[in-house]
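Read off the chains here:
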Amino acid sequence: MIQGEFKSGFVSIIGAPNVGKSTLLNHLVGQKVAIVSPKPQTTRTRILAVRTTAAYQIILLDTPGIHRARGGLNLAMVRAALATLNTVDVVLLVVEAPDSNNLNNISVFEALHTTRTHVLLVVNKIDLVRPDTVDDVVRSLESRHQFKGTVKISALHGSGIDELVTRLVALLPVGPAYYPSDTLTDLPERFICGELIREKILHLTAEEIPYATAVTVSSFREDPEKNLIHIQADIHVERSSQKAIIIGKGGAMLRQIGQQARLEMENLLGARVFLELWVRVQKKWRQDPRALREFGYQ
Ligand code: GDP
Ligand code: MG
C-alpha cells in the first residue's frame, strides 16, 4: 500500500439515549470499551476507542444520549455529546428503527443545523423490524439534513457494519495514524473497571437507583508475580435508602454486583481480580459541581 493513501480521522457517534451507540462502538472495535444497558444515562462521559487496519485508523467517540436537559449531570452529559460535533471529521447520527414515532422529534437535528461536519445517518436495530417498514421515516429524516448517506444496521448482530465502515472510511481524509496500531482506547483501565461496576448496577437494580449511582475506583494495585489485581471501588448514592438497596439482604446484592463485575474485569485485564466494594452516601451529588468533577463528569 502507498503510505500517502492511509486514511484517518475522528468520528463521533451521537443520537438519542438507548438507540445503541455504545453497542455500535463496541462492535466496531471488537471489545467492550463502553458499557451497555437498556436504561438511559448508561454512557455519561465521552468514550474514545480506536479501530486500526493497514488502510485506515478510525478514532471513535461514543457520547451520552442527546436529550433536553436543564442542569446538573444531565446538562453535563448533553454538552459532552454536542462538544464533539465540530471537532470531528464525520458524525454518525444513530436512530433506532423500531422507535419510528420518536425518530422525527430528536432535538439532535437542531444541533446538526449549526455544523458543517459530514453526517451519516445510521438506522440501528434493523433486526427488530422488517427493513422496508422504515423507508418512509428514513425518507422524512433525510429531508431534514443533507446526510452523506444512510446505512441500516444491527449493532447487536453485526449486519450492515461492513457497509457502514466502507462509507465511513470514504469520508475520512488522508492522514496519519494518531494512535499506535494496538491502541484500543484512551481510557485508563481503572476507569473502565468503575464503569463495569456501574453496568452491573444498571442491570441489577431498578427505579431511581441507576441514575443516583456513580462509581469511582479508589485503588488499583497490580501484583504481577501472582497475576493478581487488587481493586477498591466506591459506589456513591444519594440516600441511605439507596445504599440499603445496593447492599441488599445480608449483602446479597453487593455480592452479585461484585461477582459479575469481577468476571468482566478479569476478562478485560487478563489477570485475577480481587475486588473490594464500598457504598457511600453523598447527598445530591448530581447537582453538586464539586462531586461531578470528582466523579469525572465535568
Ligand atoms: P446507547 O444509550 O445509545 O449507548 O445504547 P446502548 O448501546 O447502551 O444500547 C441500548 C440497548 O439497546 C441495549 O439493551 C442493547 O443491547 C440494545 N441494542 C443495541 N443495538 C441493538 C441492535 O442492533 N438490535 C437490538 N435488538 N438491540 C440493540
Ligand atoms: Mg451509550
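Residues numbered from 1 in each chain as written. Chains lettered and ligands numbered in written order. Predicted model: local features only at pLDDT ≥ 70, side-chain atom pairs only at ≥ 80, totals over all residues. Heavy atoms only, no water.

Looking at this model, I keep getting lost on the overall build of the chain. Mind explaining?
On a plain count of helices and strands, the chain comes out with 10 helices and 9 strands. On C-alpha atoms alone, the chain measures out to a radius of gyration of 20 Å, which is about the 19 Å that the 2.2 N^0.38 rule sets for 298 residues. For the C-alpha atoms alone, the extent of the chain along its principal axes is close to 55 × 45 × 35 Å. Counting over 298 residues, the chain shows a buried share of 51%. Across the chain, every contact between residues at least 6 apart in sequence was considered, and the portion connecting residues at least 24 apart equals 71%. A total of about 14,300 Å² of accessible surface is found on the chain, and carbon and sulfur atoms cover 50% of it. Across the chain, the 35 positively charged side chains and the 30 negatively charged ones have centroids separated by 6 Å. (Helix = DSSP H or I, 4+ residues; strand = E, 2+ residues; numbered from the N terminus. Rg over C-alpha atoms; globule rule 2.2 N^0.38 Å. Buried < 20%, exposed > 50% of the residue type's maximum accessible area, 1.4 Å probe, protein only. Contact = heavy atoms within 4.5 Å. Areas by Shrake-Rupley, 256 points an atom, 1.4 Å probe, with all protein chains shown as cover. Lys, Arg positive; Asp, Glu negative; His and termini not counted. Charge placed at Lys NZ, Arg CZ, Asp CG, Glu CD.)

Teacher, can you tell me more about the sheet that holds strand β7 (residues 214-223) here?
Hydrogen bonds along the backbone pair up the strands of a sheet, which may run parallel or antiparallel. Pairing is mixed across the open sheet formed by 3 strands, whose spatial order is β7-β8-β9. Unpaired on one side and paired on the other, β7 and β9 (272-281) mark the two borders of the sheet. Across the sheet, the mean angle from the axis of one strand to that of its neighbour is 15 degrees, orientation sign disregarded. Strand direction decides the pairing type here: β7 and strand β8 (residues 228-237), joined by 9 bridges, are antiparallel. Looking across to β8, one finds that F220 is bridged to I231. Contacting β8 and β9, helix α8 (residues 240-247) crosses the sheet at an angle of about 155 degrees to β9. (Pairing = 2+ DSSP bridges. Axes fitted to C-alpha atoms, helices over the stretch in contact; angles between N-to-C directions.)

What am I meant to see in the packing of α8 against helix α9 (residues 252-269) here?
When two helices pack together, their arrangement is captured by the angle between the axes and the distance separating the axes. Their axes nearest at 5 Å, the elements α8 and α9 cross at an angle of 65 degrees. Packed against α8, whose contacting residues are I245, I246 and I247, the element α9 presents A252, M253, L254 and I257 at the interface. Partitioning the contact of α8 with α9 into residue classes produces 7 nonpolar, no polar and no charged. (Nonpolar A, V, L, I, M, F, W, Y, C, P; charged D, E, K, R; others polar.)

Explanation requested: the coordination of the magnesium ion (ligand 2) in the structure shown.
When a metal holds four donors in a tetrahedron, each ideal angle between them is 109.5 degrees; when it holds six in an octahedron, the ideal angles are 90 or 180 degrees. Protein coordination at the magnesium ion (ligand 2) comes from S22 (OG) and T43 (OG1), with a distance range of 2.0 to 2.2 Å. Placement of S22 in helix α1 (residues 21-29) and of T43 in the loop between α1 and β2 (47-52) is noted, with a sequence separation of 21 residues between them. (Donors = N, O, S within 2.8 Å, 3.2 Å for Na, K, Ca; no water.)

Mind showing me how you'd approach the site of ligand 1 here?
Lining the immediate surroundings of ligand 1 are 17 residues, of which N18, G20, K21, T23 and D127 lie closest. Within the contact set of ligand 1, an oxygen atom lies 2.9 Å away from a backbone nitrogen or oxygen of G20. The separation between an oxygen atom of ligand 1 and a polar main-chain atom of L156 is 3.1 Å. Taken by itself ligand 1 offers 580 Å² of open surface, and the protein chains cover 87% of this. Tallying contributions element by element places α1 first for the shell around ligand 1, with 3 residues. Looking at side-chain class alone, the shell around ligand 1 contains 7 nonpolar, 7 polar and 3 charged residues. (Near = heavy atom within 4 Å. Polar contact = N/O pair within 3.5 Å; in protein donor to acceptor, adjacent residues only side chain to side chain.)

What is the right way to read the pattern of salt bridges from this model?
Pairing of side chains with opposite charge becomes possible as their charged atoms draw close. Summed over the entire model, instances satisfying the criterion amount to 16 salt bridges. With a closest N to O distance of 3.2 Å, E208 and R239 form a salt bridge. Of this pair, E208 sits in the loop between α7 (189-204) and β7 while R239 sits in the loop between β8 and α8, and the two are 31 residues apart along the sequence. Connected via shared salt-bridge partners are K32, E199, K200 and E264. (Salt bridge = Lys/Arg side-chain N within 4 Å of Asp/Glu carboxyl O.)

Honestly, the pairing of β8 in this entry has me stumped. Any pointers?
On a regular strand, each side chain points to the face opposite its neighbour's, so the side chains alternate between the two faces of the sheet. Among the 10 residues in β8, 8 count as buried, and that is most of the element. What sits between β7 and β8 in their antiparallel hairpin is a turn of 4 residues, with N227 showing a positive phi close to 50 degrees. In terms of strand pairing, β8 meets β9 through 10 bridges, oriented parallel. The partner of A233 across the bridge, within β9, is L277.

Explain the domain arrangement of the chain to me, please; I cannot follow it from the model alone.
When the parts come together, some accessible area is lost, and that loss is often what is quoted as the size of the interface. Splitting the chain by domain gives domain 1 (7-171) and domain 2 (189-294). Distance from the C-alpha centre of domain 1 to the C-alpha centre of domain 2: 28 Å. With 16 residues of domain 1 at the contact, the number on the domain 2 side is 20 residues. When residues of domain 1 are sorted by the area they lose upon contact with domain 2, I35, K39 and R44 head the list and together hold 38% of the total. The interface formed by domain 1 and domain 2 holds 2 salt bridges in total. Among the residues making up the side of domain 1 that touches domain 2, the classes are represented as 7 nonpolar, 6 polar and 3 charged. (Domains from an automatic or database assignment. Buried area = accessible area lost by both parts, 1.4 Å probe.)

Help me out: how do you make sense of the sheet that holds strand β3 (residues 56-62) in this one?
One open sheet accounts for 6 strands, arranged β2-β3-β1-β4-β5-β6; its pairing is mixed. Both edges of this open sheet fall to β2 and β6 (150-152), since each of them pairs with a single strand only. Between one strand axis and the next, the sheet turns through 25 degrees on average, direction left out of account. With 6 bridges joining them, β2 and β3 adopt antiparallel strand pairing. Each residue of the ladder has a partner; that of V50, found in β3, is I59. Taken strand by strand, helix α6 (residues 161-171) contacts β1 (7-15), β2, β3, β4 (90-96), β5 (118-124) and β6, and its axis lies near 175 degrees from that of β5.

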